Amino acid sequence: MLKVNNYSNLNLILLLGVSLLILFLIKSFLLEKINKKDLEIAKEISIGYEEIQEDYGEVLTSPNGTLAVLADGLGKNEAGRISSITSVKTIIKMFKEEGSKERLLYFFKKAFNKANREIIKRVEKDKGGASVLSVIITNNLLNYALVGDVMLAIFRNKELVKLSEGHSISEIAKREYYNGKLEKAKALYAIKEKKLLYYVGQESFKDIEISEIPIELYKDDIVVLMTKGIYEGLKWVEFEKILNNKKVHVNEICEEIMISIANNNKSNCNGSIILIKYCGKKRKAAATNQNNY
């Protein structure tokens, strides 16, 4: 009798396990179907002529939206690679566990600060870090957060428009000069510098560039996330020409961009790009207080 009961219990456990697996597969299939309906996503990463790939990126689709994270590591040896992987995986993990369609500003701040702490744990002080860009698309609304010089742009009506400002010394100097807080001679000197002022992995980490108001997406908009190796490897007009091909999937557009950069003699470093094309219909924008916390 005991053997029969044990056998029945084992069958029940197996049945429950199979049921959970089927439900998980159905959920994954439905999420992928929803994603394919409204979004086309492509990602390419190239190591160039460098020995270590310091870029890392991931895209996650969930009931709370689509999250894309792209990082460009900095530092010698393995420090840059460790920093970029750590930052992306930390933000992805937090979105899986705590992601929400609301309080996005709070989520970004918490996730970036968590990523900063995780890098400091793993990398020797001041020896590494990463520029990080995170984008969340919910329905047709885009929110983003950025630290460093990874760039966010949007291609619309045959024009590629830069959305992010970045944290290089030159960009900070321009803003300070236009705001009357920096003398012209000092601003011109700073603009020549290529160093980053802020990045993830600093003890004094504090500044995050965040979209306070969601950006509304329209049909056929292409959201472009790219590291320095990409946006410095191709002329802006060449980007626009390639992105304007509406007859192909973004995978082919992504590949063409990478091939064009590879053929450019100036391109000799790591470069990564994520393209997200919005294919859904125009919707009414949700209340803009979704970022409040």
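Scroll up a little and you will see the structure.
Residues numbered from 1 in each chain as written. Predicted model: local features only at pLDDT ≥ 70, side-chain atom pairs only at ≥ 80, totals over all residues. Heavy atoms only, no water.

**Some details on the side chain of Asp 149**
As a reminder, the rule being used: Each helix corresponds to a stretch of at least 4 residues labelled H or I by DSSP, and each strand to a stretch of at least 2 residues labelled E; elements are numbered beginning at the N terminus. The term polar contact refers here to a pair of N or O atoms within 3.5 Å; inside protein, the definition further demands a hydrogen-donor-capable atom paired with an acceptor-capable atom, and it admits residues adjacent in sequence only when both atoms are side-chain atoms.
Looking at the element boundaries, Asp 149 is found in the loop between β5 (141–147) and β6 (151–156). Among the polar contacts listed, one links the side chain of Asp 149 to the side chain of Ser 131, at a separation of 2.9 Å.

**Structural notes on the sheet that holds strand β1 (residues 39–46)**
Worth spelling out the cut-off: Strands qualify as paired when DSSP identifies two bridges or more between them. Lines fitted to C-alpha atoms define the axes here, with helix axes fitted over just the stretch in contact, and angles between the N-to-C directions of these axes take values from 0 to 180 degrees.
Across the sheet, which stays open at both edges, the five strands sit in the order β1-β11-β10-β6-β7 with antiparallel pairing between neighbours. Both edges of this open sheet fall to β1 and β7 (159–162), since each of them pairs with a single strand only. Strand-to-strand twist in this sheet, taken as the mean axis angle between neighbours without regard to direction, amounts to 20°. Of the strand pairs in this sheet, β1 and strand β11 (residues 271–278) are connected by eight bridges, and their pairing is antiparallel. By the bridge assignment, Lys 43 is partnered in β11 with Ile 274.

**Digging into helix α8 (residues 250–262)**
Residues lying three or four places apart along an α-helix face the same way, a consequence of the helix completing one turn every 3.6 residues. For clarity, the cut-off: Multiply 1.5 Å by the residue count of a helix minus one, and that product is the helix's expected span. When accessible area is computed with a 1.4 Å probe and restricted to protein chains, residues below 20% of their type maximum are described as buried, those above 50% as exposed, and intermediate ones as partly exposed. Arc definition: directions from the helix axis to the C-beta atoms. When checking whether two residues touch, look at their non-hydrogen atoms; a contact exists if any pair is within 4.5 Å.
Taking 1.5 Å of rise per residue, 13 residues should cover 18 Å, and α8 covers 18 Å from first to last C-alpha, within 8% of that figure. Residues Val 250, Ile 253, Cys 254, Ile 257, Met 258 and Ile 261 constitute the buried set of α8. With its buried residues spanning 135° around the axis, α8 presents them on a single face. Residues of α8 that are exposed and point more than 90 degrees away from the buried face comprise Ile 259 and Ala 262. Where α8 is buried, its residues contact β1, β10 (222–226), α6 (228–231), α7 (236–243) and β11.

**Describing a nonpolar patch on the surface**
Let me state the cut-off plainly: Only residues whose relative accessible area exceeds 30% and that form no salt bridge are eligible for patches; like-charged ones are grouped when within 9 Å, while nonpolar side chains (Val, Leu, Ile, Met, Phe, Trp, Tyr) are grouped when within 5 Å. Reported accessibility uses the Shrake-Rupley method at a 1.4 Å probe radius. Residues are deemed covered only where the shown protein chains occlude them. Here a salt bridge means any side-chain nitrogen of Lys or Arg lying within 4 Å of a carboxyl oxygen belonging to Asp or Glu.
Taken together, Leu 12, Leu 15 and Leu 16 make up a surface patch of nonpolar side chains, about 300 Å² in accessible area. Following the sequence through the fold, Leu 12 ends up in helix α1 (residues 2–38).

**With respect to the pattern of salt bridges**
Applying the stated criterion across every chain, the model contains nine salt bridges. Where Glu 118 meets Lys 114, a salt bridge forms, and the shortest distance between an N and an O atom there is 3.1 Å. With Glu 118 and Lys 114 both in helix α3 (residues 104–122) and four residues apart, the pair spans about one turn of that helix. Here Glu 118 ties to Arg 122 by a salt bridge, and the two come within 2.5 Å at their closest N and O atoms.

**What about the packing of helix α2 (residues 79–98) against α3?**
As a reminder, the rule being used: Orientation labels follow simple angle bins: below 35 degrees gives roughly parallel, above 145 gives roughly antiparallel, 65 to 115 gives roughly perpendicular, and whatever is left gives oblique. In this scheme, a crossing is called left-handed if the near helix is turned counterclockwise away from the far one by less than a right angle; it is called right-handed if the turn is clockwise.
Close contact between α2 and α3 brings their axes to 9 Å; oriented N to C, the two are set at 140°. With respect to each other, α2 and α3 are oriented oblique. Here α2 and α3 pass one another in a crossing that is right-handed. Residues Ile 82, Ser 83, Thr 86, Ser 87, Thr 90, Ile 91, Met 94, Phe 95 and Glu 98 of α2 pack against Phe 107, Lys 110, Ala 111, Phe 112, Lys 114, Ala 115, Glu 118, Ile 119 and Arg 122 of α3.

**A closer look at the packing of aromatic side chains**
Put simply, the test is: Here is the rule: rings of Phe, Tyr and Trp (six-membered ring for Trp) pair when centre to centre is within 6.5 Å. Planes less than 30 degrees apart are stacked, more than 60 are edge-to-face, and the remainder are tilted.
Following the criterion strictly, the structure yields three aromatic pairs and no others. The interplanar angle of 55° and the centroid separation of 6.0 Å between the aromatic rings of Phe 107 and Phe 108 together place this pair among those described as tilted. When its relative accessible area of 6% is taken as the criterion, Phe 107 is described as buried. For Phe 108, a relative accessible area of 1% gives the class buried. Between Trp 236 and Phe 239, the aromatic rings sit 6.0 Å apart at their centres with planes inclined by 70°, giving edge-to-face as the arrangement.

This is a description of form; function is not addressed.
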